[in-house]
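An overview of the molecular structure
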Amino acid sequence: MGEILSFCRAENKYPIHEEAIPELARSLSLKLDVDPYALHNGHYQANTIYFDDPQNGVVERSVDHPTYKEKLRLRSYGGEHPIYFIEFKNKYQSDVFKNRIILSEKEYEDFVFHQIVPKRNGKFQHDRFLTTLEDFIARHGAITPKSVIQYDRMAFVNRPMDNFCRVTIDTNILYRRENFHLNEPGGEPLLEPKMAILEIKIGESLPLWLAHAINDLAIYRIPFSKYGTSFLNSQAKTKTVAE
């Protein structure tokens, strides 16, 4: 999805009911363009694997909502010829820093199923990312895939010459804690029925028109993590079965 491999932005998440999406989408379309990569009527499929250590240290820290947290994930946007990204998502308060590299299909399979780190290729950003990855693995002792999360994403972006603004609406969010063949569909619903997740990414302040649009629909920000929610759902399910 694009050639930008490192960036920083403010990011906030909002749970919304699917009934609010048509009105919100109309407001967004007046001020934003449809993401050029959203080739299916303004939508695309996102598939993500989250990695963790044997003690689930990454996700347990995440669900505590600390000031700073980091996650390692591997993402594909599906399609006939999917592109794979492995990336770090580091969050300090509401500011998100992402750093990622593109993987071949073989590199994706080697890392996911055999924990083989991709080879260096002499390019600075690529090799620096691998150094960070090796350090992450060393700090956590071992890293394995823990959750697959898949969803349909509607995406809007700012128009040329406007300040950066990216708005996405994720629906049909599924998760599973097994079968890490990333582009194979399937899983359990992550949210309550008819619920979706709105994400707003901005470079500066929230545009006034957008603040009014979400306020008019009574959409309010909450701390939320798809990976964290998948872990908590899985823990609750395990506890229920044990009882």
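The structure under discussion appears in the preceding block.
If you're wondering where the values come from, they're calculated on a predicted model, not measured in any experiment.

In this section: the pattern of salt bridges. For the structure shown, the criterion picks out 16 salt bridges. The salt bridge partner of glutamate 134 is arginine 120, with a shortest N-O separation of 3.1 Å. On the criterion of sequence distance, the pair formed by glutamate 134 in helix H4 (residues 124-140) and arginine 120 in the loop between helix H3 (105-114) and H4 is long-range, its members being 14 residues apart. When the shortest N-O distance is used, the salt bridge between arginine 153 and aspartate 170 registers 2.7 Å.

Here we take up unusual backbone geometry. The phi dihedral of methionine 161 falls on the positive side, at around 80°, and the residue is not glycine. With respect to the helices, strands and loops of the structure, methionine 161 is situated in the loop between strand S7 (144-157) and strand S8 (165-176). The backbone phi angle of alanine 218 is positive, close to 55°, even though this residue is not glycine. For alanine 218, the location among the structural elements is in the loop between helix H5 (208-216) and helix H6 (226-242).

Okay, the side chain of asparagine 158 next. With respect to the element layout, asparagine 158 can be found in the loop between S7 and S8. Among the polar contacts listed, one links the side chain of asparagine 158 to the backbone oxygen of aspartate 162, at a separation of 3.4 Å. Ignoring sequence-local partners within four residues, the contact set of asparagine 158 consists of Leu32, Asp33, Asn163, Phe164 and Cys165.

Among all positions in H3, only Tyr108, Asp110, Phe111 and Val112 are buried. Buried residues in H3 make contact with strand S3 (43-52), strand S4 (68-76), strand S5 (84-92), strand S6 (95-103), H4 and S7. Once H3 ends, the next one or two residues include glutamine 115, with phi positive near 55°.

Right, let's get into the environment of aspartate 170. For aspartate 170, the position within the fold is in strand S8. Its relative accessible area of 0% is what places aspartate 170 among the buried residues. Sequence spacing of aspartate 170 and methionine 195 is 25 residues, and the spatial spacing of their C-alpha atoms is 9.2 Å. Leave out the neighbours within four places in its chain, and aspartate 170 touches Tyr151, Asp152, Arg153, Ala196, Ile197, Glu199 and Lys226. Reaching out from aspartate 170, the side chain makes a polar contact with the side chain of arginine 153 at a distance of 2.7 Å.

Calculation rules
- One numbering rule holds for all chains: residues counted from 1, following each sequence as written.
- For this predicted model, a pLDDT threshold of at least 70 governs which residues receive local features, and a threshold of 80 or more governs which side-chain atom pairs are given and counted, while totals over whole chains, interfaces and linings are taken from all residues.
- The side-chain values count all of the structure's non-hydrogen atoms but skip hydrogen atoms and water molecules.
- Between Lys or Arg on one side and Asp or Glu on the other, a salt bridge is scored when a side-chain nitrogen of the former is within 4 Å of a carboxyl oxygen of the latter.
- Numbering of helices and strands starts at the N terminus; helices are DSSP runs of H or I of at least 4 residues and strands are runs of E of at least 2.
- Under this definition, polar contacts are N or O atom pairs within 3.5 Å; protein pairs additionally need one hydrogen-donor-capable and one acceptor-capable atom, and for neighbouring residues in sequence, both atoms have to be side-chain atoms.
- Contacts were defined at the residue level, with two residues in contact if any of their heavy atoms lie within 4.5 Å.
- Burial classification: accessible surface area is computed with a 1.4 Å probe over protein chains only, and a residue below 20% of its type maximum counts as buried, one above 50% as exposed, and the rest as partly exposed.

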